[in-house]
Every structure is written in C-alpha cells, then in structure tokens.
Amino acid sequence: MSRWLSIVGVGEGGWPELSALGRSLVEGAELIVGGERHLAMLPPTIDGERLSWAVPLTRTVEEILRRRGRLVVVLATGDPMHFGIGVTLARAVPMSETLMLPAVSAFSLAASRLGWPIAECECLTLHGRPLPRFAGFLHPGARLLLLSHDGTTPAQIAAELVRRGFAKSRLILLEHMGGQQERILEATAETWTSVRTADLNTLAVECVADPGVQSLPRLPGLPDDAFRHDGQLTKREIRAATLAVLAPFPGQRLWDVGAGCGSIAIEWLRAGRDMKAIAVESDAKRRALIAENASALGTPEIEIVAGEAPQALEQLASPDAIFIGGGVATPGLVERCWAALPSSGRLVANVVTVEGEMCVARHRGELGGRLTRIAISRAEPVGSLLGWRPLMPVTQWAAVKP
C-alpha cells in the first residue's frame, strides 16, 4: 500500500513555515488531524475534513486507522518521534505506509538558545506524566530539558527542587520558541515567582545541590535510608548483588513478587530508560510505602498490584525478569513464575531460612541455575571501638530460562 498517512511536524511559525512538501500534503489530504492550535493555523482554503484529538487519544487513533488507504495528514508539534504522536502512530501503522516530516524539536531549539550540548542533557517529557519522574535524574551538574505539561509545571518544578535540596538550581523557561511570542525567563528554584506561564513551554534546569545534600546515583545499591520501610527491606549490598543477576536491560519489565517496600522494583526502574516494573504486595501498608518510595526516588510509573501470589500474577503483563523476595515456598509460585518468563528470562529468589534454602535447592535441581550464599558484616561501634556486626546470610538462587 502507498504512503497514505503523513505526519507533519509544525513549528511555532505554523503554516507559513511549512515546507512545500508539507503544504502539498495538507492541501491534498482528505482528513487533517491535530490539536486545536494546529488546526487553527491552517488557512481557510484548505478543504480537507478536520479532526481534533479526542480523549482518550486511542479514539482518534482508531478513527485514523479506519481511513487506511485514504490520504490522512497528522499535524504534530516539532519532531513527532521525540515524545510525540509519531511514536504512537508508528506502532499502529507500518512505516512503509507512513511519511514522516519532522520539524525542529523543542529540545533542539532550547539547546541552541542555551548553548547546551543536547547529547549531554537529559531530555524528558512531563506531559501527561507524573511530576516526580524528573527527580530520578537530579544530581549536581545535571542539565535537564523538560517538556512541561502546562503553564503550572515550572512553578511545581521549582517547588520540588527546593524541597529536594536543589534550591540554587538555575531554571530557564522558554516559551513559544521560534515564534513571534518567544520569551525566555530565568531564575533560581528558590527565587522563582511565576505561578503560571504559557502552556506551551520547555523548562531547562541546571542542577545545583544545597550544601550537605546527598545525591543518589542511578546505579543499584542505594543507601538503606533512602527507603521508608517497616523492616522488610533488601539491604543495600544484597540489593546491588540481586540487581546484578536480574540484569536490567532498557525497556524490560520486572515482576517484584512480595515487594515489601519496593526497593528492588524501584532500583530496577532507575537502572535504565523505559524500564517497567510491577510490584506485587498483599499488605496494604507496604503498598503505601512502595508508592511513597517510588515518588521520592523518581519512579512514579511503578505498577503496584494488591494480592497474594501466585493468584495475583494471572493478569499481569509478561515479564523479562522476576524477583521473589518472599514466599518462595508457596505452592505453585516458582512454577507459575518460570512459566511466565520468555527465553533468556531471569528468575532470582533470596531466602534467609533453612526451609527457604531447601526449597531453592530443590528448584535449582529441577530448573538449573546457581546458588550463592551472601554474607555481609558491617563495622559498628562496640563501646569506644569498632566491631563487625553480621547481617543475616542470604542464599540466592538465580536461573536463566533456556
């Protein structure tokens, strides 16, 4: 089939700045899809049917697919494939049927205004996403480029930076870049005064930590006191070793079964881009701790599932790796988890009891894998001196599905 769907990036300049090809595609389209702002930019001479985005977005995507084979143009802001509608449509329509004409992205425009190498910036979108997401990227010297959800986002970001100990951070607001109403505002997080700005804005943040603030790395092994917990916490050294064998790869999904305070799932989400994690926990108070820790550590996208495993696992999206932090001896649990894994999927279980060791030894005999005993001691005061205080030894079973 010919390229019936065209996705045309539009800058702040609108119709006059479209290329000749972009204009030709719009003029010949039977259906033109876009936001109200994009459709309002079109001259009255355009004859095609106009359709604005519905809520939920999938309704409009379904309407586009119903027009398959007829000429459809989708207008998008900037680069459609950089947190844009092009990503969604590329999953639904083969590229052999699609023509993509990107404009300059907001990230590129912002970097050019500031003189920041874009390859050295963290480019994130907060449009339709939880605000705490950006917090996982905070560290001294970090440069963030954030697509705001609306005009209230910059003030919310400033308040969050102050609350998290980055009050001196430099904020640069860029509105309507490339248009006649372009405006740039600058302040520190603690001196930010604009309650509301233009909805179409990009916020640049140059992170400066307050004296004494401990920044948290994205590598696994966060300090134990980074998490709120009720005692059910995989300790720092064990957690780092566990994430190492779970082996997170970008875009993969983890099941954290018996998640406790969510430390394994949260560290998995922090370990790479587009990570996904489902924390399964039967205790309501612990589920609340998971949500609180996820917000504090910049992983609000974690999915929290209430229920007892293995019953609670039945309707979950397929995992790439599974961690069993408790209840490994529950009848049918290991078998259900193993069946859910794809080829090369990883299953890791940590136990601290003799009965738990007997269970993982049996499963190791049936399914293969490796058993490891991890014993950690920490130096702690003994009167005026130091002595070694051991943690409970952990036996770890790690297996990769053939």
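Residues numbered from 1 in each chain as written. Predicted model: local features only at pLDDT ≥ 70, side-chain atom pairs only at ≥ 80, totals over all residues. Heavy atoms only, no water.

> When you look at the side chain of T242 in this model, what are you seeing that I'm missing?
Structurally, T242 can be placed in helix α7 (residues 236-246). In this structure T242 comes out as buried when scored by relative accessible area, which is 0%. A polar contact is formed between the side chain of T242 and the backbone oxygen of I238, at a distance of 2.7 Å. Among residues more than four places away in sequence, those in contact with T242 are I264, F323, V348, N350 and Q396. (Helix = DSSP H or I, 4+ residues; strand = E, 2+ residues; numbered from the N terminus. Buried < 20%, exposed > 50% of the residue type's maximum accessible area, 1.4 Å probe, protein only. Polar contact = N/O pair within 3.5 Å; in protein donor to acceptor, adjacent residues only side chain to side chain. Contact = heavy atoms within 4.5 Å.)

> What should I look at first to understand the nonpolar core in this one?
What tends to happen in soluble globular proteins is that the nonpolar side chains get buried as a cluster. Membership of the largest hydrophobic core comes to 27 residues, with the highest contact counts inside it found for F227, L246, L254, W268 and I302. Mapped onto this core, the elements with two or more residues apiece are α7, α8 (263-270), β12 (276-281), α9 (284-296) and β14 (321-324). The leading source of residues in this core is α8, at five residues. Leave out the neighbours within four places in its chain, and L254 touches L246, I264, A265, W268, K276, A277, I278, A321, I322 and F323. W255, V328, C359 and W397 belong to the second largest nonpolar core, which has 25 residues in total. (Core = buried A, V, L, I, M, F, W, Y, C linked by side-chain atoms within 4.5 Å.)

> Which parts of the structure should I look at to understand the sheet that holds strand β5 (residues 98-101)?
The strands making up a sheet are joined through hydrogen bonds of the backbone, oriented either antiparallel or parallel. The strand order β3-β2-β4-β1-β5 describes an open sheet built from five strands, whose pairing is parallel. The open sheet has two free edges, formed respectively by β3 (49-52) and β5, since each of these has just one partner strand. Averaged over all neighbouring strand pairs, the angle between strand axes comes to 20°, with direction disregarded. Helix-sheet contacts for helix α3 (residues 57-66) involve β1 (5-10), β2 (31-34), β3 and β4 (72-77), and the interaxial angle to β3 is about 150°. (Pairing = 2+ DSSP bridges. Axes fitted to C-alpha atoms, helices over the stretch in contact; angles between N-to-C directions.)

> Explain unusual backbone geometry to me, please; I cannot follow it from the model alone.
In most cases, non-glycine residues show a negative phi, while peptide bonds are predominantly trans. The amide bond that connects V55 to the next residue, P56, takes the cis arrangement and shows omega of 5°. Summarising the element assignment, P56 is placed in the loop between β3 and α3. Of the consecutive residues A309 and P310, the connecting peptide bond is found in the cis state with omega at 10°. A positive phi angle is found at H176, which is not glycine, with a value near 50°. For H176, the location among the structural elements is in the loop between β8 (170-175) and β9 (183-188). Its identity is not glycine, yet A247 carries a phi of approximately 55°, on the positive side. Looking at the element boundaries, A247 is found in the loop between α7 and β11 (253-257).

> Got a minute to help me understand the environment of L39 in this structure?
Tracing the chain through its elements places L39 in helix α2 (residues 36-40). Take L39: its relative accessible area is 11%, and that puts it in the buried class. If we ignore the near neighbours within four places in the chain, the residues touching L39 are I32, V33, G34, R50, L51 and S52.

> I would appreciate a short explanation of the pattern of salt bridges in the present structure.
Proximity of charged atoms lets side chains of opposite charge pair with each other. The final tally for this structure, using the stated rule, is 27 salt bridges. Between R67 and E63 there is a salt bridge, with the nearest N and O atoms lying 2.8 Å from each other. For the residue pair R67 and E63, the accessibility class agrees, reading buried in each case. One salt bridge connects R183 with E175, and the closest N-O pair in it is separated by 2.9 Å. Take R183: its relative accessible area is 37%, and that puts it in the partly exposed class. (Salt bridge = Lys/Arg side-chain N within 4 Å of Asp/Glu carboxyl O.)

> It is not clear to me how the side chain of N293 should be interpreted in this structure. Could you clarify?
Within the fold, N293 resides in helix α9. Within the structure, the side chain of N293 is placed 2.8 Å from the backbone nitrogen of R228, a separation counted as a polar contact. A polar side-chain atom of N293 sits 3.1 Å from the main-chain carbonyl oxygen of C261. What N293 contacts, discounting residues up to four positions off in sequence, is A226, F227, R228, C261 and I266.

> Can you walk me through the packing of α3 against helix α4 (residues 85-92) in this structure?
Packed helix pairs are specified by the crossing angle of their axes together with the interaxial distance, meaning the distance between the axes. Put simply, α3 and α4 touch, their axes get as near as 11 Å, and they point 50° apart. Taken as axis vectors, α3 and α4 run oblique relative to one another. By crossing handedness, the relation of α3 to α4 is classed as right-handed. Contacts between α3 and α4 involve L57, V61, I64 and L65 on the former and, on the latter, I85, T88, L89 and A92. Of the residues that constitute the contact of α3 with α4, the class distribution is seven nonpolar, one polar and no charged. (Parallel < 35°, antiparallel > 145°, perpendicular 65-115°, else oblique. Left-handed = near helix turned anticlockwise from the far one by under 90°. Nonpolar A, V, L, I, M, F, W, Y, C, P; charged D, E, K, R; others polar.)

> What should I look at first to understand the sheet that holds strand β7 (residues 143-147) in this one?
Strand order in the open sheet made by the five strands is β6-β7-β10-β8-β9, with mixed pairing throughout. Taken across any chain shown, the strands that pair with only one partner, and hence form the sheet edges, are β6 (122-125) and β9. Neighbouring strand axes in the sheet, compared pairwise and without regard to direction, differ in orientation by 20° on average. Summarising the sheet, β7 and strand β10 (residues 201-206) pair through five bridges and their orientation is antiparallel. The residue of β10 that forms the bridge with L144 is V205. In the packing of helix α5 (residues 106-114) onto the sheet, contacts are made with β6, β7, β8, β9 and β10, and the angle to β7 comes to roughly 135°. Strand contacts of helix α6 (residues 153-163): β7, β8 and β10, with the helix running at about 20° to β10, the strand carrying the most contacts.

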